Amino acid sequence: MTATPPEPRPAPAAGPPESAAAPGYRPRRTLPLRVEALRQLRRRRTLVIGAGLALLPFVLVVAFAIGGTPGRRANGRITLMETATASGGNFTATVLFVSAGFLLVVPVALFCGDTVASEASWSSLRYLLAAPVPRARLLLSKLTVGLLFSAAAMVLLPLVALGVGTAAYGWGPLTLPTGGALAPDEAVGRLAVVVAYLFVSQLVTAALAFWLSTVTDAPLGAVGGAVGLTIIGNVLDQVTALGGWRDVLPAHWQFAWADALQPKMAWSGMLQGASVSVAYALVLVALAFRGFARKDVVS
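As the structure is a prediction and not an experimental result, all values here were calculated from the model. (Residues numbered from 1 in each chain as written. Predicted model: local features only at pLDDT ≥ 70, side-chain atom pairs only at ≥ 80, totals over all residues. Heavy atoms only, no water.)

1. Section: the packing of helix 8 (residues 135-169) against helix 12 (residues 268-293)
Rules: Under this scheme, a helix contributes an axis fitted over its contacting stretch, all axes are lines through C-alpha atoms, and angles between N-to-C directions fall in the 0 to 180 degree range. Secondary structure elements are taken from DSSP: a helix is a run of H or I of four residues or more, a strand is a run of E of two residues or more, and numbering for both begins at the N terminus. Take the far helix as your reference; a near helix turned counterclockwise from it by less than a right angle gives a left-handed crossing, and one turned clockwise gives a right-handed crossing. Only heavy atoms matter for contacts: two residues are in contact if any of them lie within 4.5 Å across the pair. Throughout this entry, Asp, Glu, Lys and Arg are counted as charged residues, while Ala, Val, Leu, Ile, Met, Phe, Trp, Tyr, Cys and Pro are counted as nonpolar. The remaining residues, Gly among them, count as polar.
In contact at an axis separation of 10 Å, helix 8 and helix 12 are set at 145 degrees when each is read in the N-to-C sense. Seen from above, helix 8 lies across helix 12 with right-handed handedness. The segment helix 8 lies against helix 12, with Arg135, Ala136, Leu138, Leu139, Leu140 and Leu143 engaging Val285, Ala288, Phe289, Phe292 and Ala293. A class-by-class count of the residues in the contact of helix 8 with helix 12 yields ten nonpolar, no polar and one charged.

2. A few points about a nonpolar patch on the surface
Short version of the rule: Nonpolar side chains (Val, Leu, Ile, Met, Phe, Trp, Tyr) are joined into patches within 5 Å and like charges within 9 Å, using only residues with over 30% relative accessible area and no salt bridge. All accessible areas in this document rest on Shrake-Rupley with a 1.4 Å probe, and a residue is counted as covered only by the protein chains that are shown. Salt bridge, as applied in this entry: a Lys or Arg side-chain nitrogen positioned within 4 Å of an Asp or Glu carboxyl oxygen.
On the surface, Leu229, Ile232, Leu236, Val239, Leu242, Trp245, Val248 and Tyr280 cluster together into a nonpolar patch covering about 740 Å² of accessible area. Mapped onto the elements of the fold, Leu242 is located in the loop between helix 11 (219-237) and helix 12.

3. Overview of the layout of surface pockets
Summary: where empty space remains is shown by rolling a probe the size of a single water molecule over the atoms. In plain terms, the rule: Throughout, the protein atoms alone are placed on a 1 Å grid, and a set of points is a cavity if a 1.4 Å probe fits but cannot get out or a pocket if it is open with protein on both sides within 12 Å along at least five of seven lines; lining residues have an atom within 4 Å of a point. Grid points are joined across faces, edges and corners, and a volume is the space filled by probe spheres set on the points.
A volume near 380 Å³ is recorded for the largest pocket. Along the wall of the largest pocket there are 20 residues; nearest its centre are Val204, Leu229, Thr230, Pro250 and Ala251. Those elements that place two or more of their residues in the lining of the largest pocket are helix 10 (203-215), helix 11 and helix 12. Considering every element that reaches the lining of the largest pocket, the biggest residue donor is helix 11, with six residues. For the second largest pocket, the calculated volume is near 220 Å³. In the lining of the second largest pocket, the residues fall into eight nonpolar, two polar and one charged.

4. Some remarks on the pattern of salt bridges
Our working definition: Throughout this description, buried means an accessible area under 20% of the type-specific maximum (1.4 Å probe, protein chains only), exposed means over 50%, and partly exposed covers the range between.
Tallied over the full model, the rule gives three salt bridges. As a salt-bridge pair, Arg43 and Asp114 come within 2.4 Å of each other at their nearest N and O atoms. Here the residue Arg43 occupies a position in the loop between helix 2 (33-41) and helix 3 (44-67), and Asp114 occupies one in the loop between helix 5 (105-113) and helix 6 (115-121), the gap between them amounting to 71 residues. Take Arg43 and Asp114: they sit in the same class, and that class is buried. The residue Arg45 makes a salt bridge to Asp114 at a minimum N-O spacing of 3.2 Å. Remark: Asp114 occurs in the loop between helix 5 and helix 6 and Arg45 occurs in helix 3; sequence separation between them is 69 residues. Judged by relative accessible area, which is 14%, Arg45 ranks as buried. The exposure class of Asp114 is buried, given its relative accessible area of 6%.

5. Remarks on the environment of Tyr197
Tracing the sequence through the fold places Tyr197 in helix 9 (residues 184-201). C-alpha of Tyr197 to C-alpha of Ala260: the two residues are 63 residues apart in sequence and 9.8 Å apart in space. Leave out the neighbours within four places in its chain, and Tyr197 touches Trp253, Gln254, Ala256, Trp257, Gly269, Met270, Gly273 and Ala274.

6. A closer look at empty space enclosed by the protein
A full pass over the atoms with the stated rule returns two cavities of 30 Å³ or more. Taken as a whole, the largest cavity spans an internal volume of roughly 50 Å³. Lining the largest cavity are Gly89, Leu162, Trp171, Gly172, Pro184, Ala187, Val188 and Leu191. Considering each element in turn, the lining of the largest cavity owes the most residues, four residues, to helix 9. Taken together, the residues of the lining of the largest cavity sort by class into six nonpolar, two polar and no charged. The calculated volume of the second largest cavity comes to roughly 40 Å³. Surrounding the second largest cavity, Glu36, Gln40, Arg45, Phe111, Thr115, Lys142, Val145, Gly146 and Phe149 form its lining.

7. Notes on the nonpolar core
Most often, soluble globular proteins keep nonpolar side chains buried together rather than apart. Selection rule: Think of a nonpolar core as a cluster: buried Ala, Val, Leu, Ile, Met, Phe, Trp, Tyr and Cys residues, connected wherever their side-chain atoms sit within 4.5 Å.
Among the nonpolar cores identified, the biggest contains 58 residues, and Phe91, Val95, Val194, Tyr197, Leu198, Trp257 and Leu261 are the most heavily contacted of them. Every element with two or more residues in this core is listed here: helix 3, helix 4 (88-100), helix 5, helix 8, helix 9, helix 10, helix 11 and helix 12. Broken down by element, the residue count for this core peaks at eight residues, all from helix 8. When neighbours within four sequence positions are excluded, Leu261 is seen to be in contact with Leu80, Ala93, Leu174, Leu176, Pro177, Arg190 and Val194. Within the second largest apolar cluster, eight residues are counted, among which are Val133, Leu138, Leu139 and Leu143.

8. Quick notes on helix 11
Cut-off, in case you're wondering: Take the number of residues in a helix, subtract one, and multiply by 1.5 Å to get its expected span. An arc is given here, and it is the one of the directions from the helix axis to the C-beta atoms.
Taking 1.5 Å of rise per residue, 19 residues should cover 27 Å, and helix 11 covers 27 Å from first to last C-alpha, within 8% of that figure. Burial in helix 11 covers these residues: Pro219, Ala222, Val223, Ala226, Val227, Thr230, Gly233, Asn234 and Asp237. The buried residues of helix 11 occupy one face: seen down the axis, they fall within an arc of 120 degrees. For helix 11, the exposed residues set more than 90 degrees away from the buried face come down to Leu220 and Val235. Those residues of helix 11 hidden inside the fold are in contact with helix 5, helix 6 and helix 10.

Honestly, it's all geometry; don't read function into it.
In structure tokens:
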């Protein structure tokens, strides 16, 4: 008997090209930054954060008016708090000093930690991806807008403080805690360096909140987790027994911007702090993109 040769299997049909399957579809044009920014701007929490930051300088002016002009410490040392009412520049530096440790962490964690998790909690994330918006494009748009709003919050506070402080205490030199003073024009440039460093130092908080936002459906969990871990980092930085290990903590460098308020500005501390923050941020953002690419957003 002659064996019958097996019938050849049909080749799989080639799928239609992308242009034929979705005429006019351009992945890079989905979820434009302008649309995402308007959505975030209209949210109530954005307005509340902006109003709170703008109100803080007025609260401090009232507090100084009630409590009187801050005096010098008994040991003769002058700090930013003692020179708060010397000029508008000093008042701005004081506002940044009292808010850098915790207050500025909140808007950064909120803008970057609430962005993806809120879509998941509203059950709108699956519809965004079905639009279709590529996952990487969605994350990139939301992270960019979150960082832009965080930067706006950090610029809003010193701008309002400078205006309020100048109106209350006048436009004059910035008295330095170490002695001496900076001319008003130079002081504004130094304060701009301080604000820029504060934003870079908060990148690790932004990236941590963003990563948590991609792994949880609870916005408060992402925001609270980022704020809580930041507080833990501040606590660990106070443990002197850790020695040199504290150098790898972002919290260890959070006040390195004080080097900008010296007669001769020093960059070493700010460069080290910026490098630590950016290194952590890059790792956390990479984890966010990698994990979200495999995440099941249907269940």
